[in-house]
Amino acid sequence: MRAVTPDIEGFVERDGAKIAYQVFENPGKPTVFLGASWMVVDSRHWKMQIPYLSRHYRVVTFDPVGNGKSDRSTDSKRFGMPNDAADAIAVLDATGTQTCVAAGLSAGGRYVHYLAGLYPDRFDAIIGIAPAHLWASFSPGMMAAYDLFEEDVENAEGWDTQRRSGWNDNWEDYAAFFATQCASDPHSTKLVDDMFEWMMGTTGPAVVAETIESEHGDLEKAMESIERIDVPMLIIHGTADQLVNYESAAAMKALHPQAEILTIDGAGHLPQARYPVRVNHAIKSFVDRVYGLQEISSVWHVGHARPKKVLYVSSPIGLGHARRDVAIAQELRELHPDIEIDWLAQDPVTRVLEASGERIHPASAFLANESSHIESEAGEHNLAVFQALRDMDEIMIANFMVTEEVIRDGQYDLVIADEAWELDGQLHENPNLKSTPFAWMTDFVGYIPMPERGEREAFVAADYNLDMIEQVARYKRVRDAAIFVGNPDDIGPQTFGPGLPGIRDWTEENFDFSGYVTGFDPKALGDRQELRQELGYLPDQKVCIVSVGGSAVGTHLINRVVGSYEAASQVIDDLRMIVVTGPRIDPATLPQIPGVEFRSYVDKLYRHLAAADLAIVQGGLTTTMELAASKVPFIYVPLRGHFEQNFHVRARLDKYRAGRYVDYEDVVPDNLSALMVEEMGRPVDYLDVETGGAKTAAGMIGKLL
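Quick caveat: nothing in here was measured; it's all calculated off a predicted structure.

Points about the overall build of the chain
- On a plain count of helices and strands, the chain comes out with 28 helices and 21 strands.
- Each principal axis of the C-alpha atoms in the chain carries an extent, and together these give about 90 × 65 × 50 Å.
- For the chain, buried positions account for 59% of its 705 residues.
- Within the chain, contacts between residues separated by at least 24 positions form 74% of all contacts whose residues are at least 6 apart in sequence.
- Working note: accessible area of the chain is about 27500 Å², and carbon and sulfur atoms make up 49% of it.
- When the 62 basic and 105 acidic side-chain charges of the chain are each reduced to a single mean position, those positions are 5 Å apart.

Side note on the pairing of strand E9 (residues 309-314)
- The element E9 is extensively covered by neighbouring structure, given that five of its six residues are classed as buried.
- Note that E9 and strand E10 (residues 340-344) share five bridges and pair parallel. Within the sheet, the bridge partner assigned to Val313 lies in E10 and is Leu344.
- The pairing of E9 with strand E12 (residues 414-418) spans five bridges and is parallel. Counterpart to Val313 in the pairing with E12 is Ala417.

Details of the sheet that holds strand E19 (residues 614-618)
- Here six strands make up an open sheet; going across it, the order is E18-E17-E16-E19-E20-E21 and the pairing parallel. Only two strands of the sheet have a single neighbouring strand rather than two, namely strand E18 (596-599) and strand E21 (660-661).
- Strand direction decides the pairing type here: strand E17 (residues 575-580) and E18, joined by four bridges, are parallel. Across the sheet, Met577 pairs through a bridge with Val596, a residue of E18.

Observations regarding the packing of aromatic side chains
- Under the criterion given, the structure shown has 26 aromatic pairs.
- Here Trp159 and Phe177 contribute two aromatic rings whose centre-to-centre distance is 5.0 Å and whose plane-to-plane angle is 85°, an arrangement assigned as edge-to-face. Taken as a pair, Trp159 in the loop between helix H4 (140-147) and helix H5 (164-169) and Phe177 in helix H6 (residues 171-182) lie far apart in primary sequence, 18 residues in all.
- What makes Phe177 buried here is its relative accessible area of 17%.
- Taken together, a centroid distance of 5.6 Å and an interplanar angle of 70° make the contact between Phe444 and Phe643 edge-to-face. Here Phe444 is found in the loop between strand E13 (438-442) and helix H19 (454-474), whereas its partner Phe643 is found in helix H26 (residues 643-656), with 199 residues between them in sequence.
- What makes Phe444 buried here is its relative accessible area of 5%.
- An aromatic cluster is defined as three or more aromatic residues linked by ring pairs; in this entry it consists of Trp38, Tyr146, Phe149, Trp159, Trp167, Trp171, Tyr174, Phe177 and Phe178.
- Taking the ring centre of Phe11 as reference, the NZ or CZ of Lys18 above it sits at 5.0 Å.
- Over the ring of Phe366 we find Arg55, and its NZ or CZ is 5.9 Å from the ring centre.

A look at the pattern of salt bridges
- Counted by the stated rule, this structure contains 52 salt bridges.
- Linking Arg58 and Glu25 is a salt bridge whose minimum nitrogen-to-oxygen distance equals 3.1 Å. Of this pair, Arg58 sits in strand E4 (residues 58-62) while Glu25 sits in the loop between strand E2 (17-24) and strand E3 (31-34); the two residues are 33 residues apart in sequence, bridging distant segments of the chain.
- On the basis of relative accessible area, Glu25 is assigned to the partly exposed category, the value being 34%.
- Between Glu678 and Arg660 there is a salt bridge, and its shortest N-O distance comes to 2.7 Å. With a gap of 18 residues between them, Glu678 in helix H27 (residues 669-680) and Arg660 in strand E21 connect regions that are remote in the sequence.

Observations regarding the sheet that holds E4
- Here eight strands make up an open sheet; going across it, the order is E1-E2-E4-E3-E5-E6-E7-E8 and the pairing mixed. In the strand order of this sheet, the two ends are held by strand E1 (8-14) and strand E8 (260-264), each with one partner. Sheet twist, expressed as the average angle between the axes of neighbouring strands with direction ignored, equals 20°.
- Here E3 pairs with E4 via four bridges, running parallel. Bridge assignment links Val32 to a residue of E4, and that residue is Val59.
- Its contacts with the sheet place helix H2 (residues 81-94) against E1, E2, E3, E4, strand E5 (100-105) and strand E6 (123-129), and it is angled at close to 135° to E1.

Let's talk about the environment of Gly68
- Here Gly68 shows up in the loop between E4 and H2.
- A sequence separation of eleven residues divides Gly68 from Tyr57, and the C-alpha atoms of the two residues are 24 Å apart.
- Setting aside its immediate chain neighbours within four residues, Gly68 contacts Asp42 and Asp63.

Observations regarding the nonpolar core
- Within the largest apolar cluster, 153 residues are counted, with the highest numbers of intra-cluster contacts made by Phe33, Trp38, Ile127, Phe178, Met195, Ile236 and Leu423.
- Among the elements that take part in this core, helix H17 (residues 393-410) stands out by supplying nine residues, more than any other.
- Setting aside residues up to four positions removed in sequence, Leu423 forms contacts with Val313, Phe400, Thr403, Ile407, Val415, Ala417 and Phe438.
- In terms of nonpolar packing, the next biggest core, distinct from the first, is built from 60 residues, Leu414, Ile483, Leu535 and Ile578 among them.

Quick notes on the environment of Glu358
- Here Glu358 shows up in the loop between helix H14 (349-355) and strand E11 (359-360).
- The exposure class of Glu358 is buried, given its relative accessible area of 11%.
- Separated by 29 residues in the primary sequence, Glu358 and Ala329 place their C-alpha atoms 9.6 Å from one another.
- Not counting chain neighbours up to four residues away, the residues in contact with Glu358 comprise Val326, Arg333, Trp343 and Leu353.
- Separated by 2.6 Å, the side chains of Glu358 and Arg333 make a polar contact.
- Engagement of the side chain of Glu358 in a polar contact is seen with the side chain of Trp343, the distance being 2.8 Å.

So, the packing of helix H25 (residues 621-630) against H26
- Closest axis-to-axis distance for the H25/H26 pair is 11 Å, and the angle between their directions is 5°. The orientation of H25 with respect to H26, classified from their angle, is roughly parallel. Residues Leu621, Thr624 and Met625 of H25 touch H26, and the partners they reach there are Val649, Arg652, Leu653 and Tyr656.
- Its residues assigned to classes, the contact of H25 with H26 shows five nonpolar, one polar and one charged.

Side note on the pairing of E19
- When you tally the buried positions in E19, you get five out of five residues, the bulk of the element.
- Of the strand pairs in this sheet, strand E16 (residues 542-547) and E19 are connected by four bridges, and their pairing is parallel. Residue Ile545 lies in a different strand from E19, and its bridge partner there is Ala615.
- Note that E19 and strand E20 (residues 634-637) share four bridges and pair parallel. When the bridges of E20 are listed, Ile616 appears paired with Ile635.
- Between the parallel elements E19 and E20, the chain passes through H25 in a crossover that is right-handed.

The rules we used
- Residues numbered from 1 in each chain as written.
- Predicted model: local features only at pLDDT ≥ 70, side-chain atom pairs only at ≥ 80, totals over all residues.
- Heavy atoms only, no water.
- Helix = DSSP H or I, 4+ residues; strand = E, 2+ residues; numbered from the N terminus.
- Buried < 20%, exposed > 50% of the residue type's maximum accessible area, 1.4 Å probe, protein only.
- Contact = heavy atoms within 4.5 Å.
- Areas by Shrake-Rupley, 256 points an atom, 1.4 Å probe, with all protein chains shown as cover.
- Lys, Arg positive; Asp, Glu negative; His and termini not counted.
- Charge placed at Lys NZ, Arg CZ, Asp CG, Glu CD.
- Pairing = 2+ DSSP bridges.
- Phe/Tyr/Trp six-rings, centres within 6.5 Å; stacked < 30°, edge-to-face > 60°.
- Lys NZ or Arg CZ within 6 Å of the ring centre and 35° of its normal.
- Salt bridge = Lys/Arg side-chain N within 4 Å of Asp/Glu carboxyl O.
- Axes fitted to C-alpha atoms, helices over the stretch in contact; angles between N-to-C directions.
- Core = buried A, V, L, I, M, F, W, Y, C linked by side-chain atoms within 4.5 Å.
- Polar contact = N/O pair within 3.5 Å; in protein donor to acceptor, adjacent residues only side chain to side chain.
- Parallel < 35°, antiparallel > 145°, perpendicular 65-115°, else oblique.
- Nonpolar A, V, L, I, M, F, W, Y, C, P; charged D, E, K, R; others polar.
- Right-handed = clockwise from strand over helix to strand, strands pointing away.

Rendered as structure tokens:
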């Protein structure tokens, strides 16, 4: 799922080809034109920039002929710098863009420089990212391969795949290699995967045609055009670029001494994707200076007494974080009665916060919805959650940029993040942006690959874990408090990967432990029969509550459980089944079985769970631990492919001797009804779940105030 979608999508036809463009409107603001690059990528190579820039400017981008939604062509005469320039101008005309700041990556950096020289009245400034000018210093391997382009090589590997025959016959091999050269930075597996996917959006023969025409370009004419540039210029280049050597930026600076250069030490060829926060800030600062824009920030009157301000960022994946976060916030207010807490959160978390009377920051409206993305990645009770998180990269960067602005402008005394992975990760990636004490909380540590997803996921998960380990070791100052919501023996025996530390050992070294945070005290619920009466449950009824959390991922499990109701009601007298669909599932879309009740959202659901005779749930930590705390029999069915539910949560439940694990394939009428009978009649012997976790966590956090 994309972080933002365009307001306008259209096509302009030029020289026999349709060119797809996108417009992200922002009335009254200047336009940033994110141009096309080499046709091996489409406009998605700007995915980390578009959400952020489109909140501040009007943004126009397009797909080059040969990729994305634009037409394909193998006619070499359709390519080359004059055609690329004409295509860009056609898009500007079609979108009503009179002037703009234009940005281009690699070959696109060459094109925007060329354009600014040819059409000085259309461009107010230009930004070249790793610009690949025809006179630039390229990788020796790449240049050698171009010199031998027409020669065939058997069993080609590496740069030897860069041949006419290789591109025509086995484009996939070249794409796999070239992606690694573009994304050569450490811990860039996602960017390698993205680059490969983008390259597979075109074909070898099309790239051959484009390359032939580009090689015949008029270098002298191009140089004359570039030398005529008389607008502000920003060049962004990494020192470890494996394709276009950094020295080429210095050559451009020699041509245009007024040009600004942002050097990103150690960066490869795609800094806009690998280091998006730095690039986003650089682009915005440059554009603001070009147009004389100045941000108005909050004013902090030094010397005047004011309440302490706290920003609480609560993960939107599930509702459980919100309940425990509200409990911690309430305990924090006991320690510091004068604090003001703003919440940066999304639906469905905002429903819990609103019901609790909490104050939601208005910038929450700018957050891209992570729950919707998770739902879009799910199959039938199947969520490869690690890959879903990887695919959420543009959403996470978009949300970090919102959060970073809120922190900067709000002048907070403390930021608390409960599994806001984008905030913790990018603060470690950009520690200079940390401006206030930071408390980090999580109830699991470490990505664990699912065996059925093969060697690639095992390798990538280990690389992600290593990146995190290295970041924490390098910048321990980022986390002023690191709190694991639980205890050391809640952590399973797994390691972070081959040759990496054990997860429990590392967590004990780098976290403090609060104990589990239930958000409620089961003893405070009072007498169970009185609670049942208050909630409307009759003494003889066998109450079964079905709950699948705050997303729509649980729809298939609900369907199976509801489909088993008739068989269960025949063997369980006075069975009352109540299905809590959550705020993102419409009960009207589910099978309407006589005797089954539906509720879309239930505030303080833990009270109903405590009064139930049985619960059937997914494998999410919050609901299962609420049931464990209330010592209610329950059946839990972890999502297939969900490493947290299948490893981290299951290990914790096993420690508490809580719940009965059931595979999704076994949720069928006869089997489920038999399990329901067995579980309803079974006395539970769960270990006690501590109830002081919220107070303990608040005490750790409160010290930072």
